[in-house]
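Notes for the structure review
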Amino acid sequence: MSGASPLLKDVFGFDAFRPGQEEIVQAVTAGEDVLAIMPTGGGKSLCYQLPAIMMDGLTLVVSPLIALMKDQVDALHAKGIRAALINSTLSPEEQGERLDGIQRGDYDLLYVAPERFRSQRFVRLLSEANVRLLAIDEAHCISEWGHDFRHDYSRLGQYRKRIGNPPTIALTATATPD
C-alpha cells in the first residue's frame, strides 16, 4: 500500500503489517464493509486507526468498555493523532466540549459506547458530520450482549443509517457461530 507504508512506520512504528492487516486496511480505505476476526494481539485496532488518519473525516469507534476507550485514546494522543472519547466519566461540560469538537471537525477518531446513540444531539451532530468510517470494536458484543442487557448493540444497524450509513468495520477476536 503506497499511502499506508510511510504512516505505518512513521506514526505507528511498524515496519510491516501483521497477517491480514494490509488486506483489511485496503478494503476499509476502498469503502468496503469488513468483518475482521483476528486473534487477540493480532493488531485489530490498526485496521481502523490507520485508515482513520489516511481518510478525511471522522472515524467513529463503538467500544464496550470505558477503560479500553481511554487506553486507545491515550495511545493515539501519544502518536499525535486527534482522538477523543465521550462516555459517562466526563462531566456534562466536558461532553459538551467534545460534541462541539465534532462540529468543528477536531477529531480523526471518536470513541463511544453504543448507548451514546440514545442522545438525539449526538446522532444529529453525527448525521451532519463527515463520518467516513464506523468501527465496531469487540463486535462479538452484538450477539452476546445485544439481546440481553445492552440492547443498543442490536440497534447499531439503525443508528448507522441515521448517521449516513458510513462504511463499517466490525472487529473481534471472540467470534462464536452466532
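Below is a short write-up of the structure. (Residues numbered from 1 in each chain as written. Predicted model: local features only at pLDDT ≥ 70, side-chain atom pairs only at ≥ 80, totals over all residues. Heavy atoms only, no water.)

All right, on to the pairing of strand β4 (residues 109-112) then. Neither face of β4 is open: one carries Leu109 and Tyr111, the other Leu110 and Val112, and all of them are buried. Bridging between strand β3 (residues 83-86) and β4 involves 4 bridges; their strand directions are parallel. Note on β4: the bridge partner recorded for alanine 83 is leucine 109. Considered for its hand, the β-α-β crossover made up of β3, helix α5 (residues 92-104) and β4 is right-handed. (Buried < 20%, exposed > 50% of the residue type's maximum accessible area, 1.4 Å probe, protein only. Helix = DSSP H or I, 4+ residues; strand = E, 2+ residues; numbered from the N terminus. Pairing = 2+ DSSP bridges. Right-handed = clockwise from strand over helix to strand, strands pointing away.)

What follows concerns unusual backbone geometry. At asparagine 165, a position not held by glycine, the phi torsion is positive, near 55 degrees. Examined against the element boundaries, asparagine 165 turns out to sit in the loop between α8 (156-162) and β6 (168-172). You can call asparagine 165 partly exposed: its relative accessible area is 44%.

Given a rise of 1.5 Å per residue, 13 residues ought to cover 18 Å, and the 18 Å separating the end C-alpha atoms of α5 matches this to within 8%. Contact partners of the buried residues in α5: β3, β4 and α6 (120-128). Glycine 105 occupies a position one or two residues after α5 and carries a positive phi of about 80 degrees. (Expected span 1.5 Å × (residues − 1). Contact = heavy atoms within 4.5 Å.)

Per the counting criterion, the structure on display carries 3 aromatic pairs. Considering the side-chain rings of phenylalanine 117 and phenylalanine 122, the 5.5 Å spacing of their centres and the 75 degrees angle between planes classify their relative orientation as edge-to-face. There is no split in this pair, since phenylalanine 117 and phenylalanine 122 are both buried. Judged by centre distance (4.7 Å) and plane angle (5 degrees), the ring pair of phenylalanine 117 and tyrosine 159 falls under stacked. Of the two residues, phenylalanine 117 sits in the loop between β4 and α6 while tyrosine 159 sits in helix α8, which places them 42 residues apart along the sequence. Tyrosine 159 shares its class with phenylalanine 117; the two are buried. Pairwise contacts between aromatic rings join Phe117, Phe122 and Tyr159 into one cluster. (Phe/Tyr/Trp six-rings, centres within 6.5 Å; stacked < 30°, edge-to-face > 60°.)

A few words on the pattern of salt bridges. For the structure shown, the criterion picks out 7 salt bridges. The salt bridge partner of aspartate 100 is arginine 121, with a shortest N-O separation of 3.1 Å. Residue aspartate 100 is found in helix α5, and its partner arginine 121 is found in helix α6; the two are separated by 21 residues along the sequence. We classify aspartate 100 as partly exposed; its relative accessible area is 30%. (Salt bridge = Lys/Arg side-chain N within 4 Å of Asp/Glu carboxyl O.)

Read from one edge of the open sheet, 6 strands run β1-β6-β5-β2-β4-β3, paired in parallel fashion. Pairing within the sheet leaves two strands with one partner each, and these edge strands are β1 (34-37) and β3. Ignoring which end each strand starts from, the neighbouring axes of this sheet average 20 degrees apart. Note that strand β2 (residues 58-62) and strand β5 (residues 131-136) share 5 bridges and pair parallel. Bridge pairing links threonine 59 to leucine 133 in β5. Here helix α4 (residues 66-78) sits on the sheet in contact with β3 and β4, set at roughly 160 degrees to β3. The sheet contacts of α6 involve β2, β3, β4 and β5, and relative to β2 the element is tilted by about 145 degrees. (Axes fitted to C-alpha atoms, helices over the stretch in contact; angles between N-to-C directions.)

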